[in-house]
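Below, each chain spelled out in residue letters.
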Amino acid sequence: MDNRVEVMTFSQLKKLVEELEANSAINDNTKVFIDTGWDSVQEVEPNAFHVEDVVEFKVQDELTKEFYVGYTLVEKAERMQAEGQAEVAVIIRNLY
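What this report covers is the structure whose coordinates are included nearby.

Calculation criteria
- Residues numbered from 1 in each chain as written.
- Predicted model: local features only at pLDDT ≥ 70, side-chain atom pairs only at ≥ 80, totals over all residues.
- Heavy atoms only, no water.
- 1 Å grid on protein atoms, 1.4 Å probe; cavity = no way out; pocket = protein on both sides within 12 Å on 5 of 7 lines; lining within 4 Å.
- Points joined across faces, edges and corners; volume = space filled by probe spheres on them.
- Helix = DSSP H or I, 4+ residues; strand = E, 2+ residues; numbered from the N terminus.
- Nonpolar A, V, L, I, M, F, W, Y, C, P; charged D, E, K, R; others polar.
- Polar contact = N/O pair within 3.5 Å; in protein donor to acceptor, adjacent residues only side chain to side chain.
- Pairing = 2+ DSSP bridges.

### Thoughts on the layout of surface pockets
Unoccupied space between atoms shows up once a probe the size of one water molecule is rolled over them. In this structure, the largest pocket occupies an estimated 1,300 Å³ of space. Lining the largest pocket are 36 residues, and of these Met-8, Leu-13, Phe-49, Val-90 and Ile-92 lie nearest its centre. Elements supplying a minimum of two residues to the lining of the largest pocket: α1 (10-21), β2 (33-34), β4 (49-60), β5 (67-73) and β6 (87-92). Looking at side-chain class alone, the lining of the largest pocket contains 24 nonpolar, four polar and eight charged residues.

See the structure below:
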């Protein structure tokens, strides 16, 4: 059995944006951050969103021998031993 995290779809993102727009506490100047679990939140830069191709890969936990499913950019697919068909995805690239 593979362990898999549910991936947000573009449809779900659009619905979330609609809900956020209905929140009177949010306006056009409200900042956007990502909580990565560290003490501070990570800024999302204005040019962080991209459309790119991704492909699925699996990695096995050395201790439990369980498989975990993830995704990688197509250009890293060979290195990650990714399998399957590439698909279009919205990527938040926040490299700094």
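Structure's up, so let's keep going.
### Notes on the environment of Thr-30
Its location among the elements puts Thr-30 in the loop between α1 and β2. Of the polar contacts made by the side chain of Thr-30, one reaches the backbone nitrogen of Asn-27; its length is 2.8 Å.

### Side note on the pairing of β5
Where strand β1 (residues 2-3) and β5 come together, two bridges link them in parallel fashion. Opposite Asn-3, over in β5, you have Tyr-68 as the bridge partner. Pairing geometry for β4 and β5, over seven bridges, is antiparallel. Looking at the pairing, Glu-56 lines up with Tyr-71 of β5. Counted along the chain from β4 to the antiparallel partner β5, the turn is six residues long, and its residue Lys-65 has a positive phi close to 65 degrees.

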